[in-house]
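Observations on the three-dimensional arrangement
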Amino acid sequence: MLVGSGGREHALAWKLAQSPKLDTLFAAPGNPGIAEHATIAALDVTDHRAVIDFCRREKIGLVVIGPEAPLVEGLADNLRTIGVPVFGPGRAAAQLEGSKGFTKDLCARVGIPTAAYVRVTSKDGALAALDDFGERCVIKADGLAAGKGVTVATSRAEAEAAIDALFADGPAEAVIEEMLEGPEASLFVLSDGTVTASFGSAQDHKRVGDGDTGPNTGGMGAYSPAAVLTPELEERALGEIVRPTIDALAEAGTPYVGVLYAGLMLTADGPKLIEYNVRFGDPECQVLMARFTGDLVELLLAVAEGRLADEPEPAFSPEVALTVVMAAKGYPGTPASGGAIGGIDAAQATGAVVFQAGTKQAGGKLVASGGRVLAVTATGADVKSAQAAAYRAVDAIDFPDGFCRRDIGWRAI
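Residues numbered from 1 in each chain as written. Predicted model: local features only at pLDDT ≥ 70, side-chain atom pairs only at ≥ 80, totals over all residues. Heavy atoms only, no water.

1. Some remarks on the sheet that holds strand S6 (residues 117-120)
Reading across from one edge, S6-S9-S7-S8 is the order of the 4 strands in this open sheet, with antiparallel pairing throughout. The open sheet has two edge strands with one neighbour each: S6 and strand S8 (150-153). For this sheet, the mean angle separating the axes of adjacent strands, direction not counted, is 15°. Summarising the sheet, strand S7 (residues 137-141) and strand S9 (residues 174-178) pair through 5 bridges and their orientation is antiparallel. Bridge assignment links Lys 140 to a residue of S9, and that residue is Val 175. Against the sheet, helix H6 (residues 100-110) engages S6, S7 and S9, with an angle of about 140° to S6. Sheet strands in contact with helix H8 (residues 156-166) are S7, S8 and S9, and its direction is about 10° off that of S7. (Pairing = 2+ DSSP bridges. Helix = DSSP H or I, 4+ residues; strand = E, 2+ residues; numbered from the N terminus. Axes fitted to C-alpha atoms, helices over the stretch in contact; angles between N-to-C directions. Contact = heavy atoms within 4.5 Å.)

Structure, rendered in structure tokens:
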């Protein structure tokens, strides 16, 4: 059973469905794209008892939890208590994403290279802490924020405005960090609690507008691999950042089982951790799945059952994959909903794959039901050819209420 309903989960369903080991794939709550590969289970995934009962009734042999919220809420722990193998960390280990402060404190304790920081719990304390960081700093809400709870402040006024917004509704917790300089890259690592295996790299585009302008979003596009993360830098990141984290969690009795997504800044001093996510990124998952050439069911089951050492290293196509997110007008503010979507078959006839994120069926039509609606994904010999292939598919889609960036991959090109 696959838990989730976004573009990431559609990409996972698409790849899981290709496994000869798969008998039946259920998805909850799913979406119309996921429904092409899976039987939709009418479950409220926040009702852990209902999920457990379903897994027992259907004799589920593996649960793959896509989004971060169910992980932070302990769904993996509850399923493991009844003996169901789960791909995804338990509640304690999921704090790596659920609490920025938890992660920063772990880094400080273990000596993991990351930005200097201070944890704040009041507006006055936060404003006072700004004096330690000069004109430029990064302000992060402590809890889950769907990729949007971060302000990169380039002036004192911008930092103060972010703090005002954070504490506008009363008590809150936040982390204020020094601003790191350098290119960013995302590194994905599988862990069965003790053994780790690299699962590719990617770079995403967080800002809504061309040229990386405008407000941060959950991600407007991505490509894989990230050429800036050379094999040497990747090995440093694994040795200095990821493995010490996995080891620290194992020693604490809260082993990390699943995929760990390390957001890295490649500074002049080497890779430093920006933040962790405890699941595949969205839209990074789409480009990773487009390149992964192995059996995803077999690999994720090996992770869930603590057998990762028995598996060969995950294998990827040498091609570049690039995905362009089509979002509803108004995103990341208040996106327009209900806009009709056509042309997906025509787009896929070009060789691309269109992963659905915020979609639903209404009146016999596919319509938008979220901010990020589609992730149009294509491959090519290099970033430029993958980009051209992705935009050929984008141009075949009829979505008048939608928009996308026209420059995904521009830095690499």
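That shown, we press on.
2. A short note on the nonpolar core
Core analysis: the biggest nonpolar cluster contains 46 residues, and Met 1, Val 63 and Leu 79 have the highest contact counts within it. If one sorts the elements of this core by residue count, helix H9 (residues 231-251) sits on top with 7 residues. Those residues in contact with Met 1, other than ones at most four positions away along the chain, are Phe 26, Leu 43, Val 51, Phe 54, Cys 55, Ile 60, Leu 62, Val 63 and Val 64. Of all hydrophobic cores here, the second largest spans 39 residues; its members include Leu 2, Phe 87, Phe 199 and Leu 288. (Core = buried A, V, L, I, M, F, W, Y, C linked by side-chain atoms within 4.5 Å. Buried < 20%, exposed > 50% of the residue type's maximum accessible area, 1.4 Å probe, protein only.)

3. Re the pattern of salt bridges
The full count for this structure, using the stated rule, is 23 salt bridges. A salt bridge links Glu 177 to Lys 104; the shortest N-O distance between them is 3.2 Å. Highlighted residues: Glu 177 in strand S9 and Lys 104 in helix H6, separated in sequence by 73 residues. Here the two residues Glu 177 and Lys 104 agree in accessibility, since each one is buried. One salt bridge connects Arg 406 with Asp 395, and the closest N-O pair in it is separated by 3.1 Å. (Salt bridge = Lys/Arg side-chain N within 4 Å of Asp/Glu carboxyl O.)

All quantities given are derived from atomic positions and should not be read as evidence of function.
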